[in-house]
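Results of the structural survey
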Amino acid sequence: MTRIIECDNLIKIHKQGNLEVVALQGLDFAMDKGEFISIVGRSGAGKSTLLQILAGLETPSAGRVEVAGTDLTDLTPKQRVAYYRRGVGFVWQDFTRNLLPYLKAIQNIELPMLLAGVPTRRRKKRALALLEATGLRSNAYAKVHTLSGGEQQRLALCVALSLGPQLLLADEPTGELDTETSLGIYDLLRRMSHGGGLSVLVVTHDVALAQRTDRVLRLADGRMATQGRFETQELLAVDRRGMVQLPRDLLIEAGIKDELTATLVEGGILLEPSGGSDGD
Amino acid sequence: MKLVTYLGLVARRLWAKRGILIGSLLGSTLVIALLVLVPLYQDSVKAVDLRFSMQSALAEEVDTTAVVQTTSYTSGEAVANRDLIAGLQASEIATWYPTFVERVQTREFFVIPTGGSIDWIARGETWKQEKAAIELANSQLDPTEEPVEVPNPPYPTPPPEALQVRLFTSPTLEDRLEILDGEWPTTLLVAPDDDADPLPVAIGQNVATLAQMEIGDQFVLKPFSGLPSVFELVEVAAIVAPADAGEKIWGIDDPMRMVYLPLDTFDAWTAPIGIAATNDPWLRPARGLTNLTVIQRWIIDFDPDALQFEDVELIRGALNNFRARVSQDSGGLIAANSSLPLLLDEFDVRSVTVGGPILAILALVVGGALYFLIYTAALQLEREGPEIALLKTRGASTWQTTGIHMAQSAVVAVLAAVTAPSVARILVGVTGRIPPLADLTGGEPLQVSQVASITPYVVGGAIVTFLSMGLSILPFARRPVLELRSLAARPVGSSVWQRYNLDLFAIALSIVILFQLVQRGFINTSGGEVRLDALAVAFPVLLLFTGALVLLRLLPLLLRVIGWVMTKAPGLSLALPGWHLGRNPVPYGRLALLVWLTTGLGAFALTYAGTLEQSFQDRAAFVAGTDVRIIGDEAGYLTVPEGDEGAAVYRSDGAPRQSSRRAELLAVRPDDFAAVITWRSDFGADEPSEIFEVLRPDGKAPDLGIELPADATSLLIDGVVVPRSWRDQVQLDANNPDASLRLMLRVFDGDGRAWTMQAENDFLDSEWTTVEVDLTDGRNAYLSDPVPPLTLHAMWVERSNPGGNTVLNGESMLIRNYRTVGDSEVALDLGELKTANGLAIQQNVPAARAADAFYSEIPIDVEEPTQTEVERSPLFAEGQANLWVGPGVRTSLNAAVPALRAPLDDLYVLIDRELAANAGLDVGELSPFSIGADIYDGEVVGFIERIPAMNDQRREGRMIVDLDALNGWLNGTPAWSFQTALSRVAVPQELWIKTDDPDAAVRLINAQFLPGDEADDIVTLKEAEGEFSSRPVQVGLVAVLFVGAAVSVVLALAGVTGYVLLAVARRAREMGVLRALGFPRRGVAATFTVEQIAVLGLGAVIGTYGGIALMWAMLPFLQLGETATEIEPPVLISVNWGVLMAYIGLVSILLVLSVVWATRRVSATRMSEVLREVER
């Protein structure tokens, strides 16, 4: 599989007055093309920072990040514009940050293409196709404020996808939507990912929704904590040096304190508290 | 296609943000309209000023005249001249000079009566007969006999008192005269049937009165100069008066004192009219008034309503052409003149000097409006931060983001440019309804005049507004997306000015420009042309902005302090806003800055208007000197109305040390003068009473001589002229008439008037006589009789029968018993008087000396008289007397009159420092001072600085002396005056009156002048004030100041409302939290309001003082008056705190209301929405 995202030892330090807050502490992460990944984690874990770095809105303090072969650590303004136009699409939680209220639905979709210099006919065709795909065809000429929250977010998806990006980044895209609508959005994203080869990275608080993605990444303290689909069988990231960080809950559950024993078993590695089991 | 789509996007943005953009549109329209207003308003006000100037100008200031003077007047030439002027008037200047009148007039003629005591016609006839007889006798003489000489013809000659008149005619003469008696003379082109018959004329009423003539009377008219045979016998056909004495045709002449001829008669009779010589009493072959000096003059009437503002240059050119062509076409004979160009020059200068501040103030208003635009554009962009961020994340490049905003600004600017000219015209019109200008326009809208094209202003304004709105996108467009997103919630910190230290640059620039302006002046007057320095116009606005930028640095610090103080308050409503202010004061600083700029502009405008108004009053007071100043003959001696205070003032010139530089001189009575003079504290170091009191150190009027009893009505003196011996008298009798001497006195009366009085009878050399001087009358023609008590200042004698010019011939006199007569007789002691100019007095000489002298030599054939006979002689007197010994022959040309007079003290002189420095004088130093034509010794007793009504530009320096002391010097000197006309004594020509009722004072004073006489000039404070403040350009300036103040209020309101609305939106979350925590709605709103009002208050306070400071910087503008010369007295800043506080109060109320209105959202929001804000 071709990698769409590669993050290597990513560090981001925010300065707030005299304070320095480390948002990402050497994060390593990779994503393949066509994957549909969700990132979960507590507030302050670094989810949004990671997304903003991937979106090219922030530059990392150290480390390397590449998206679709574009090194995001040192973008010129021109490269940044090109990246926004062709490399990545965004959907934000707040509808108002996704759509221009004074434009009609189709005009919102056409806007990025207009800015990119796409000819009118192609713009229109592409916009209508996206509206068709998202079930908003009938709302093409509706004003934004007449659309429901779900429709607005679907429209936001259309806008983000209008220039055909390889990667779609979505920050809590269903944060302001009800569960049913949210599920609809996630289904749509899955269809686009699996059907259209679009790589989708979603930040969410909602574990249930996260489970509808191909992979769930848990961020904690600016590092990748676990990777996986299920809570009982965490997916953990292995960095280049072969280091694995085990979730604290897992260690407690397994009774592992200071040391553990790793035993190679068939099909995997068995990790046990040092000195054997306490008895359970 | 892409462009169309872009424009579509822009259009949608515009429509979506129409609410905010309407504000920008209004601001832009205002800026462009104000710029367009500059030429429109200036031209319109100038047009009113021009009309006002033209209408209030005197006729001689605007009319054009053409004149030709000739000694060979002929009808043909006169007609040709008339046609020439009429033609050129029609072709060159008829637009503004539609009509003209012509007058033809001669120099003086004598009116020689005939038919009474001297019948010149009879004399002529007699001579004619004599001549005929002599010639007949001569013809019969033997050739050896000498023929008898024929006497010269007895041509009429004028008596000494002959009345002088002028001959006058005009093509329209008959229409301009009213016939009081008789009939208009018939035109007579040839000699009458009987060659000797008189020529019929009309005479003015005064000629008839003075020469005692009636219809049908005849007299001879003889030119003042010319051949003896040129004269004309005329007959009064009509007595006339002018139909309108004020008509221009009369010029400065008195139409009542003219002799009129119909034009054709005049033309015919100024050429020889052949007659049979035998018919003429003087045997002249021709009649007619030949070789007269005739002045043909055209007065071309100016029509003030015809001159439009646009025509100013046109009329200059037309007048120049007219003058040049008149001169050229008449071969240099006719000269045409007009003072109109001078008036237009004054108008031009005034336009520049007064227009300068108008421009500067409009520049300020434009500057304020621009700041408002930039400020609101920046505010709007802060709100649009997330949208820009969205565009950027959707792939918009920096240029695309910028382009969209720029296009939007361009649309607004273009719309504004389209509407602004109409708005400007409406604004110009509206100013005509504003009180100061309304007085001139009658409340009608100001008529808009336009000379220069306004297109450059519109285009310039559009570009400026476009840049003001559009450029603010540049720093925003480059910002990162995340920063843009947070802009709406967290405004930027330091301004671009501070970041690049542009404020420091602006300070340096302001200082350099101020230095430059101080060095070379605000108005450039080099090369004779008055021009406005562009820097001077830009300087105030630059200074205001520099101040604002500096404050932008300082205000956050101040706000932090204020915030800290507020946090100490017990209630949360104060503490919370205080915390906010202290935490992030920069954006508040910008708000305070807006308020400071706008209130500063208003405070400046009001202070400027107040200062200007005060300056008008000061200048009027300085010109007038007091409430009413009457100038005229003897005005100083007129009676001041009861209840008013008055001071007599003598005005002349003088100089210390006989300097060639003449200073302006006033002679005053210190107490009186100090009581009436208008005074401003900077006119001198002390109060006027203290300054002037040094003129009379002992507080008393100067001693001018011997004070006579108040009841004295006459002065008696016994005396006799010491005669020549009897024998000498007999021998010289034929050529040496009796020497009789007239006693003359110089007396000052109670009003200080100098009188020359003479005795009613003479001292004789034939007997002792008692001469009596009537003290109730004098030789001077004052308006009233002498006012007691009188002071005898000098005494002298003159020959009452002078031979030739000899007024004194070395006579001696015995004189004694000086006494006055009134209720009782009082003996006088003249010891105080001293001899002068060669007069010697021997005391206690035997009174018999006169008789002794007479009888010292007796004629040869006369018997020696006995002692008894001697004692019986009227020349004899017993006892003793004083012997006055004259110095020898004195003629009337000898100004030094031997006299007995009171010695005078040195003059005390107040002098200005510059004059003193030039003369090397200091207080206490003695110096000769030339005053008028004489030189007196004086002492400098103090310095003066500025004295109202002493501003004669022709003089260098100022001096003040005591009126009575100077009176003694000026009028105390005896002058030969018995036979000659009394030399005019110098009297105070001005009466200064301090009064509450100037009109009544003027009326009462005017009534004291003799009938037909009147004051030369009356200056009243009220009229002077009106004159200064009614100049349309000045009024226009005040009007624009008020407009500026009003605009500032609008800008402040709009800016503050916008800012508070944004702040409310920005801090919705914070307010939500407060509400969620249980803070009541009103509490939140109050918190917010208190915070804004604290900021606004700070801005308003600084703005008020900033505006006053700006006024200070603008003072040099005001120091230059309408004529581009320094104003006297200098302009002082005058802050009308009442008006200013009312203005600030109004602004504050409006601002508070706008804050409350803007924060209504806080209290109106439902709790559910509040909680939603918190969740975000």
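Quantities reported herein were computed from a predicted structural model and do not represent experimental measurements. (Residues numbered from 1 in each chain as written. Chains lettered and ligands numbered in written order. Predicted model: local features only at pLDDT ≥ 70, side-chain atom pairs only at ≥ 80, totals over all residues.)

Considerations on the overall build of chain B
What counts here: Where helices and strands are cited, they refer to DSSP runs of H or I of at least four residues and of E of at least two residues respectively, numbered from the N terminus. Around each residue's C-beta, the other C-beta atoms within 10 Å are counted; 20 or more make the residue buried, 12 or fewer make it exposed, and counts in between make it partly exposed. All C-beta atoms are placed from the backbone. Placing C-beta atoms from the backbone, we regard two residues as in contact once those atoms come within 7 Å.
The number of helices and strands found in chain B is 35 helices and 37 strands. Buried positions account for 46% of the 1176 residues belonging to chain B. For chain B, the share of sequence-separated contacts (at least 6 apart) that also reach a separation of at least 24 residues comes to 82%.

Some thoughts on the overall build of chain A
Each helix and strand in chain A was counted, giving 8 helices and 12 strands. Looking at chain A residue by residue over its 280 residues, the buried ones come to 42%. In chain A, once contacts between residues fewer than 6 apart in sequence are set aside, the share between residues at least 24 apart is 62%.

Some remarks on the interface of chain B and chain A
It is common to give the size of an interface as the accessible area lost on bringing the parts into contact. How we decide: Any residue outside Ala, Val, Leu, Ile, Met, Phe, Trp, Tyr, Cys, Pro, Asp, Glu, Lys and Arg is labelled polar, Gly included; the first ten of those are nonpolar and the last four are charged.
On the side of chain A, 22 residues touch chain B, which itself brings 20 residues to the contact. For the side of chain B that touches chain A, the secondary-structure elements that each account for two or more residues are helix H1 (2-16), helix H10 (385-393), helix H11 (398-431) and helix H15 (481-487) of chain B. Considering each element in turn, the side of chain B that touches chain A owes the most residues, 6 residues, to H1 of chain B. In terms of residue class, the side of chain B that touches chain A is made up of 9 nonpolar, 6 polar and 5 charged.

Focus on the packing of helix H5 (residues 149-161) of chain A against helix H6 (residues 179-196) of chain A
All names here are of chain A. Stated formally: Every axis corresponds to a line fitted to the C-alpha atoms, with the helix fit spanning only the stretch in contact, and the corresponding angles, defined between N-to-C directions, vary from 0 to 180 degrees. Roughly parallel refers to an angle under 35 degrees, roughly antiparallel to one over 145, roughly perpendicular to one between 65 and 115, and oblique to any angle outside these ranges. Left-handed is the label given to a crossing in which the near helix is rotated counterclockwise from the far helix by less than a right angle, and right-handed is the label when the rotation is clockwise.
Interaxial distance between H5 and H6 falls to 10 Å at its minimum, and their mutual angle equals 20°. Classed by the angle they form, the pair H5 and H6 counts as roughly parallel. Considering only the axes of H5 and H6, their crossing is right-handed. Packed against H5, whose contacting residues are Gly149, Gly150, Gln153, Arg154 and Leu157, the element H6 presents Thr181, Gly184, Ile185 and Leu188 at the interface. For the contact of H5 with H6, the class distribution of residues is 3 nonpolar, 5 polar and 1 charged.

Some details on unusual backbone geometry
Excluding glycine, a negative phi dihedral is what most residues carry, and trans is how most peptide bonds are arranged. Residue and element names in this part refer to chain B. In the segment running from Pro788 into Pro789, the intervening peptide bond is cis, with an omega of 0°. Within the fold, Pro789 resides in the loop between strand S22 (769-774) and strand S23 (791-799). Positive phi is not limited to glycine here, since Leu283 has a value of about 60°. Relative to the elements of secondary structure, Leu283 occurs in the loop between strand S9 (273-274) and strand S10 (286-287). Judged by local crowding, Leu283 falls into the partly exposed class, with 16 C-beta atoms found within 10 Å. Phi angles above zero are rare outside glycine, and Asn817 is one such case at about 60°. In this fold, Asn817 is placed in strand S25 (residues 812-821).

Quick look at the nonpolar core
All names here are of chain B. Operational definition: A set of buried Ala, Val, Leu, Ile, Met, Phe, Trp, Tyr and Cys residues, joined to one another through C-beta atoms within 7 Å, is what we call a nonpolar core.
By size, the foremost hydrophobic cluster in this structure holds 360 residues, and its most contacted members are Val36, Leu37, Leu362 and Val961. When near neighbours in sequence (up to four residues on either side) are disregarded, Leu37 contacts Leu362, Ala424, Leu427 and Val428. By size, the runner-up hydrophobic cluster in this structure holds 45 residues, among which are Ile112, Val207, Ala237 and Val294.

Notes on the pairing of strand S16 (residues 645-656) of chain B
Residues and elements named next belong to chain B. The following threshold applies: Here, any two strands with at least 2 DSSP bridges between them count as paired.
Across the 12 residues that make up S16, a large majority, 9, are buried. Bridging between S16 and strand S36 (residues 990-994) involves 5 bridges; their strand directions are antiparallel. For Gly646, the partnering residue across the bridge sits in S36 and is Ile993. Pairing geometry for S16 and strand S17 (residues 663-668), over 6 bridges, is antiparallel. Bridging across to S17, Tyr650 finds its partner in Ala667. Both S16 and strand S33 (residues 926-931) contribute to a ladder of 3 bridges, which runs antiparallel. Bridging across to S33, Gly654 finds its partner in Ile931.

Thoughts on the pairing of strand S35 (residues 958-962) of chain B
Along any regular strand, the residues point their side chains to alternate faces of the sheet. All names here are of chain B. Of all 5 residues making up S35, 5 are buried, and the element is well covered by its neighbours. Alignment of S17 against S35, held across 5 bridges, turns out to be parallel. Within the sheet, the bridge partner assigned to Leu666 lies in S35 and is Ile960. Of the strand pairs in this sheet, strand S32 (residues 907-912) and S35 are connected by 3 bridges, and their pairing is antiparallel. Bridge pairing in S35 places Val909 opposite Val961.

A closer look at the environment of Leu555 of chain B
All names here are of chain B. Residue placement: Leu555 occurs in helix H18 (residues 534-567). A C-alpha to C-alpha distance of 9.5 Å links Leu555 and Val1095, two positions 540 residues apart in sequence. Non-local contacts of Leu555, meaning those with residues more than four positions away in its chain, are made with Gly589, Ala592 and Leu593.

What to know about the confidence of the model for chain B
Let me state the cut-off plainly: One number per residue, pLDDT, summarises how confident the predictor is, and it ranges from 0 to 100.
Considering every residue of chain B, the mean pLDDT works out to 83; 91% of them sit at 70 or more. Predicted as a complex, the structure gets a pTM of 0.66 and an ipTM equal to 0.76.

Examining the packing of helix H3 (residues 105-116) of chain A against helix H4 (residues 120-133) of chain A
All names here are of chain A. Their axes nearest at 9 Å, the elements H3 and H4 cross at an angle of 130°. Here H4 runs oblique to H3, going by the angle between their axes. Considering only the axes of H3 and H4, their crossing is right-handed. The residues of H4 that touch H3, namely those facing Ala105, Ile106, Ile109, Glu110, Met113 and Leu114, are Arg123, Arg126, Ala127, Leu130 and Leu131. Across the contact of H3 with H4, the residue classes tally to 8 nonpolar, no polar and 3 charged.

Brief notes about helix H28 (residues 998-1006) of chain B
Note on helix geometry: an α-helix contains 3.6 residues per turn, so any two residues three or four positions apart are oriented the same way. All names here are of chain B. Operational definition: Within this analysis, the arc is defined by the directions that extend from the helix axis to the C-beta atoms.
Every buried residue of H28 is accounted for by Pro998, Ala1001, Val1002 and Ile1005. In a view along the axis of H28, the buried residues occupy a sector of 100°, so they form one face of it. In H28, the exposed positions angled more than 90 degrees off the buried face are occupied by Asp999 and Arg1003.

Some words on helix H32 (residues 1081-1119) of chain B
Put simply, the test is: Helix span, expected: 1.5 Å multiplied by one less than the number of residues in the helix. To obtain the bend at a residue, axes are fitted to the seven residues ending there and to the seven starting there, and the angle between these axes is taken.
An ideal rise of 1.5 Å per residue puts 57 Å on 39 residues; H32 of chain B measures up with 56 Å between its terminal C-alpha atoms. At Ala1113 of chain B, H32 of chain B shows its maximal bend, which comes to roughly 45°, and the proline Pro1116 of chain B appears one to four places after that position.

Remarks on the environment of Pro786 of chain B
Residues and elements named next belong to chain B. Along the chain, Pro786 turns up in the loop between S22 and S23. Sequence spacing of Pro786 and Asp751 is 35 residues, and the spatial spacing of their C-alpha atoms is 8.2 Å. Residues contacting Pro786, with those up to four places away along its chain left out, are Asp749, Trp755, Leu775, Thr776 and Gly778.

Things to note about the confidence of the model for chain A
Residues and elements named next belong to chain A. With 89% of its residues at a pLDDT of 70 or more, chain A has an overall mean of 81. Per-element averaging of pLDDT across chain A places strand S10 (residues 223-228) at the bottom with 67 and strand S8 (residues 199-203) at the top with 91. Contacts from residues 276-280, a stretch scored under 50 in pLDDT, to residues over four places away or in other chains number 3 contacts.

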